[in-house]
Structure formats: C-alpha cells, structure tokens
Amino acid sequence: MWKSVVAATAFLALGGSAFAASAVNKDAQTRTLIVTEGGGKTELALAAGETVEFCPNGCFVTLPNGDLEALTGSETVEISGGIARIK
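In this text the structure is predicted, and so the values were computed from the model without any measurement.

## Let's talk about the side chain of Thr72
Thought 1: Looking at the element boundaries, Thr72 is found in the loop between strand E6 (68-71) and strand E7 (76-80).
Thought 2: The exposure class assigned to Thr72 is buried, which follows from its relative accessible area of 12%.
Thought 3: A polar contact is formed between the side chain of Thr72 and the side chain of Ser74, at a distance of 3.3 Å.

## Re the pattern of salt bridges
Thought 1: A full pass over the atoms with the stated rule returns three salt bridges.
Thought 2: Residue Glu78 is joined to Lys26 by a salt bridge in which the shortest nitrogen-to-oxygen separation is 3.4 Å. One end of the pair, Glu78, is in strand E7; the other, Lys26, is in the loop between strand E1 (21-25) and strand E2 (31-37), with 52 residues separating them in the sequence.
Thought 3: Two residues, Glu78 and Lys87, come together in a salt bridge whose shortest N-O distance is 3.4 Å.
Thought 4: Here Glu78 falls in the buried class, since its relative accessible area comes to 15%.
Thought 5: Given the relative accessible area of 56%, Lys87 is considered exposed.
Thought 6: Each member of the salt-bridge network shares a partner with another, and the members are Lys26, Glu78 and Lys87.

## Focus on the pairing of E2
Thought 1: Both E2 and strand E3 (residues 40-46) contribute to a ladder of seven bridges, which runs antiparallel. Residue pairing in the sheet places Thr32 in a bridge with Ala45 of E3.
Thought 2: Counted between consecutive antiparallel strands, the loop separating E2 from E3 contains two residues, among which Gly38 sits at a positive phi close to 60°.
Thought 3: In this structure, E2 lies alongside strand E5 (residues 59-62), joined through three bridges in antiparallel fashion. By the bridge assignment, Thr36 is partnered in E5 with Phe60.

Rules used throughout
Residues numbered from 1 in each chain as written. Predicted model: local features only at pLDDT ≥ 70, side-chain atom pairs only at ≥ 80, totals over all residues. Heavy atoms only, no water. Helix = DSSP H or I, 4+ residues; strand = E, 2+ residues; numbered from the N terminus. Buried < 20%, exposed > 50% of the residue type's maximum accessible area, 1.4 Å probe, protein only. Polar contact = N/O pair within 3.5 Å; in protein donor to acceptor, adjacent residues only side chain to side chain. Salt bridge = Lys/Arg side-chain N within 4 Å of Asp/Glu carboxyl O. Pairing = 2+ DSSP bridges.

Here you go:
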C-alpha cells in the first residue's frame, strides 16, 4: 500500500497538469468525495446532477465506497448508483 502511495505522489509531483479533474453525480441524492490536496482534506459534496471541477494540480480523492485514488487533474469521476468510476 505505501509503495503505491509513494509512487502516486512521485507521479503527481512530476506530472502536474494544467487541467482540472471533474466529478459528475448522476445519482438522485447528494454524494460526497474527500479530496486531499496539499496536505489538507476537504469534503466535496455533489448535489444530484451536479458537475464540478477540482484538483487542478493532482490530488488524492476518497470515493463514496472508501477507496483512495490518486488523480493527476485530467480525470473525470463519475458517480452512478452510489459507485464512483474514474474515466
């Protein structure tokens, strides 16, 4: 696990992007992502049908099911049926 976190951190440090990641909530209820960026954690609540941009320089995001994913800033997190998928 720690090797993955270290590798992801190194990748993010070297591969910063000018684009922001986006999150799309296709569910009928609000869903929350936990975004860890620059050492701080923020709750990102997405209302039903909402799309937001976040994480312009890479970050870690905790998905609704508790999985932790590293983002570079170019991905789309799509939430449908309570399940988040990275595209």
